[in-house]
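Fold and geometry: a report
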Amino acid sequence: MKIAAIAREEIHSPCMVGKDLAILECVIGELTAAGHHATLYKANRLGTDTLQECSSCDAIVHMLRGTEKLAFLETAAKCGATIINSTAAVKNCSRDRFTAILSESGIQQPSYQVTPTKEAPPTAGYPMWIKKNKGWSMHKDDVCYAADHTDAIAIFEQFRLRGIDEVHCC
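Figured I'd write up the structure that's included with this text. (Residues numbered from 1 in each chain as written. Predicted model: local features only at pLDDT ≥ 70, side-chain atom pairs only at ≥ 80, totals over all residues. Heavy atoms only, no water.)

Here we come to the overall build of the chain. Secondary structure assignment for the chain yields 6 helices and 8 strands. Going from N to C terminus, the chain has its helices and strands arranged as β-α-β-α-β-α-β-α-α-β-β-β-α-β. The dimensions of the chain, computed from C-alpha atoms along their principal axes, are 55 × 35 × 30 Å. Taking all 170 residues of the chain together, the buried fraction comes to 36%. Sequence separation of 24 or more characterises 63% of the internal contacts of the chain that already satisfy a separation of 6 or more. Just so you have it, the chain exposes about 9,600 Å², and 55% of that area is on carbon and sulfur atoms. (Helix = DSSP H or I, 4+ residues; strand = E, 2+ residues; numbered from the N terminus. Buried < 20%, exposed > 50% of the residue type's maximum accessible area, 1.4 Å probe, protein only. Contact = heavy atoms within 4.5 Å. Areas by Shrake-Rupley, 256 points an atom, 1.4 Å probe, with all protein chains shown as cover.)

Let us now look at the side chain of Thr99. Here Thr99 shows up in helix α5 (residues 95-104). Overall, Thr99 belongs to the buried group, its relative accessible area being 5%. One polar contact links the side chain of Thr99 to the main-chain carbonyl oxygen of Arg95, over a distance of 2.8 Å. A polar contact is formed between the side chain of Thr99 and the backbone oxygen of Asp96, at a distance of 3.3 Å. Ignoring sequence-local partners within four residues, the contact set of Thr99 consists of Gln109, Tyr112 and His168. (Polar contact = N/O pair within 3.5 Å; in protein donor to acceptor, adjacent residues only side chain to side chain.)

Before going further, it helps to examine the sheet that holds strand β2 (residues 37-41). Judged by pairing direction, the sheet is parallel, and its 4 strands sit side by side in the order β2-β1-β3-β4 without closing on themselves. Both edges of this open sheet fall to β2 and β4 (83-84), since each of them pairs with a single strand only. As paired strands, strand β1 (residues 2-6) and β2 are joined by 5 bridges and run parallel to one another. Counterpart to Ile6 in the pairing with β2 is Tyr41. Strand contacts of helix α1 (residues 17-33): β1, β2 and β3 (59-62), with the helix running at about 160° to β2, the strand carrying the most contacts. (Pairing = 2+ DSSP bridges. Axes fitted to C-alpha atoms, helices over the stretch in contact; angles between N-to-C directions.)

Moving on, we come to the pattern of salt bridges. Applying the stated criterion across every chain, the model contains 8 salt bridges. Of the charged contacts in the structure, one is a salt bridge between Arg8 and Asp20, with a shortest N-O distance of 3.0 Å. Linking Arg8 in the loop between β1 and α1 with Asp20 in helix α1, this pair joins segments that are 12 residues apart in sequence. Asp20 shares its class with Arg8; the two are buried. The partner of Glu74 in a salt bridge is Lys91, and the shortest N-O contact between them spans 2.8 Å. Of this pair, Glu74 sits in helix α3 (residues 67-78) while Lys91 is found in helix α4 (residues 87-91), placing the two residues 17 residues apart along the sequence. When salt bridges with common partners are traced through the structure, they connect Lys132, Asp142 and Arg162 into a single cluster. (Salt bridge = Lys/Arg side-chain N within 4 Å of Asp/Glu carboxyl O.)

This part is about the packing of helix α2 (residues 48-55) against α3. Interaxial distance between α2 and α3 falls to 9 Å at its minimum, and their mutual angle equals 50°. On the basis of their axis angle, the class for α2 and α3 is oblique. Taken as a pair, α2 and α3 cross one another with a handedness that is right-handed. Counted together, Thr50, Leu51, Cys54 and Ser55 of α2 and Phe72, Thr75 and Ala76 of α3 form the full contact between these two elements. (Parallel < 35°, antiparallel > 145°, perpendicular 65-115°, else oblique. Left-handed = near helix turned anticlockwise from the far one by under 90°.)

Time to look at the environment of Phe159. Its location among the elements puts Phe159 in helix α6 (residues 149-161). Classification of Phe159 by relative accessible area gives buried; the value is 1%. Remark: the alpha-carbon pair of Phe159 and Ile83, spanning 76 residues in sequence, is separated by 34 Å. Not counting residues within four places of it along the chain, the set of residues in contact with Phe159 comprises Thr117, Ile130, Lys131, Lys132, Asp141, Asp142, Cys144, Ile164 and Val167.

Put into structure tokens, the structure is as follows:
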């Protein structure tokens with residue numbers, strides 16, 4: 001089989017660029033050892049020329065997250081490419097979507113509260129984790145530990161300054 005392996009965008013690998021690439025390189029090594037031909041593509045190099053190359057492969061394995069890059073994969077799928085790790089599955093891995101899916105499915109999860117950052121943080125329940133609620137982690141501070149309410153106030157302010165309007169507190 002001819003396989004395209006697409007690395008994750010660096011912006012979606014906070015503090016993990018090398019580790020994420022190493023994982024994909026291991027996958028490529030295993031595929032090659034099994035007799036397949038796998039080619040590594042970097043997310044920042046995807047375009048119309050690579051769309052044709054990737055779409056002509058038997059399969060595409062990837063670590064992509066960004067909306068634009070997922071659209072690239074959806075176009076490749078329309079051209080007949082088999083996508084390993086579907087774009088729908090990746091989209092469902094954003095915190096707001098996967099917590100909704102768990103709730104709708106009746107799967108227990110730790111209690112949490114979604115709070116706009118323009119409001120005050122919860123006054124009880126410390127220590128707690130405060131996490132960016134929408135999209136994927138893109139920054140090392142998208143998940144923060146608050147030992148107490150004072151920590152939470154500072155964390156909410158940092159999220160606001162970064163343009164994040166909603167957080168997941170648990």
